[in-house]
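These are the residues of each chain, in order.
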Amino acid sequence: MMDSTIYPWTLDSTGGPSNQSYPTGITLRFSPYTTAFYVAIYTPLCFCIIFGNLLVMLAFWYNKELRKVQNYLLISLAFNDILTGIFALPPVVAVRLLVSSVTCFSSTRFTFYLPSIVFCGSSIHHLLAIAVDRCLSLKWPLQYPRIVTMRRVTIVMPIIWMVNLSLACLPLYYPSPEVDHWVCVSGDRYESEVDTLFLFITGLLPFYVFCLLVLYAVMLRVAFRHIEKRRELTNHIDTTAKDAQARRRGIVTMAVVVGAFAVCWIPTSLKGIYETFAATTEKKQITVQTFAEYVSFANSMVNPIIYGYFNPQFKIGFRMVLIAWGCLKAKKPRSKQQLPAVPGTDTISLSKSSEKVGQPKI
């Protein structure tokens, strides 16, 4: 599926078309079938990224219980991932599929990747900030409200954006000396400073995985310590079973968070090493590039599932949003005749509680 079209020009020793015979207009890089395959796999991904993260933001708006300091980082992450689906993913797909004087010159091609570097890098740093926030809340629960304040959170969020924007713009300050270098044939490889920067960024990804692993290991250790203390203070018969269930839930959560991050981002790190040090054909290199880019963008799709759906309050918010949109029907409160008889009471009213759960105020 990754067969390239035969280019209607020849190459000189510099990597560009000979005699400056650059193609005019816009042509497809691959066959129509391969192009359709690209569009078919990326379109659902783009839709899921935007819809899933939009659902998280709307849940935050509908469910007032979610408007807490620790959830603002999750909302910032969701907003960042929406921008990834709108502004980062389409340019990367376009630059893969189209051949033109804009998408194939080294002086302009890199600008198509700037949004993905900014937003994907910001997503990674948001995940680290969320892990640090959760670690603080577990390790120092009494001091947490004084450590993590709304003011500090609003300072951290723009810092994350500024760091990634500055890092992505470095190649603009150190452009390639070969301004007219043609990169659409020789495996889309860059030269000099751009290669160095890309290797530096991708080389940090295993370090980020290690940091997440350490943070969640600390959280798991603290949680297990709380379980042991609770066991000493309680004498319930089913305490052991509940403790075992809590341990399993903590281990599964850690495995899901760290595993999803590693699966989505380690291929990008390996891709940088593969492109720089492995001499391969264009077909193999484009296949590796496409796979690594796809799973890295998929991380923006799984973030709402991991950090939203696993949160009970967000699940309530999701239900409120879907009811407001007419996708779900609100559960009707049971009538008085259906309520079980309770000795010593005449009537029990569930209208208020039913309104809170099933009838959100919009």
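For the structure itself, look to the data block above.
Residues numbered from 1 in each chain as written. Predicted model: local features only at pLDDT ≥ 70, side-chain atom pairs only at ≥ 80, totals over all residues. Heavy atoms only, no water.

S.K.: Summarise the pattern of salt bridges; cite the residues concerned and give the values.
M.R.: Under the defined criterion, the tally for this structure stands at 1 salt bridge. A salt bridge links Arg96 to Glu293, with the nearest nitrogen and oxygen atoms 2.7 Å apart. Note that Arg96 is positioned in helix α2 (residues 72–97) and Glu293 in helix α11 (residues 282–309), a separation of 197 residues in sequence. Judged by its relative accessible area of 8%, Glu293 is buried. (Salt bridge = Lys/Arg side-chain N within 4 Å of Asp/Glu carboxyl O. Helix = DSSP H or I, 4+ residues; strand = E, 2+ residues; numbered from the N terminus. Buried < 20%, exposed > 50% of the residue type's maximum accessible area, 1.4 Å probe, protein only.)

S.K.: Hey, could you go over the layout of surface pockets for me, with residue numbers and the actual values?
M.R.: Looking at the largest pocket, its volume works out to about 1,000 Å³. Element by element, the count of residues in the lining of the largest pocket is highest for helix α10 (residues 239–277), at 8 residues. (1 Å grid on protein atoms, 1.4 Å probe; cavity = no way out; pocket = protein on both sides within 12 Å on 5 of 7 lines; lining within 4 Å. Points joined across faces, edges and corners; volume = space filled by probe spheres on them.)

S.K.: An account of the packing of aromatic side chains is requested, with residue identities and associated values reported.
M.R.: A complete count under the given rule lists 9 aromatic pairs for this structure. An angle of 10 degrees between the planes, with centres 6.2 Å apart, marks the rings of Tyr38 and Tyr42 as stacked. In this pair, Tyr38 and Tyr42 are both assigned in helix α1 (residues 32–62), 4 residues apart and thus about one turn of the helix distant. Residue class for Tyr38 comes out buried when judged on its relative accessible area of 1%. Residue Tyr42 is classed as buried on the basis of its relative accessible area of 4%. Plain terms: the ring middles of Phe314 and Phe318 are 6.2 Å apart, the flat faces sit at 45 degrees to each other, and that makes the pair tilted. A residue pair is termed a helical-turn pair when its members lie 3 or 4 positions apart in one helix, as Phe314 and Phe318 do in helix α12 (residues 312–324) at 4 residues. With respect to burial, Phe314 and Phe318 carry one shared label: buried. Members of the aromatic cluster, joined through ring pairs, are Phe30, Tyr38, Tyr42 and Tyr294. (Phe/Tyr/Trp six-rings, centres within 6.5 Å; stacked < 30°, edge-to-face > 60°.)

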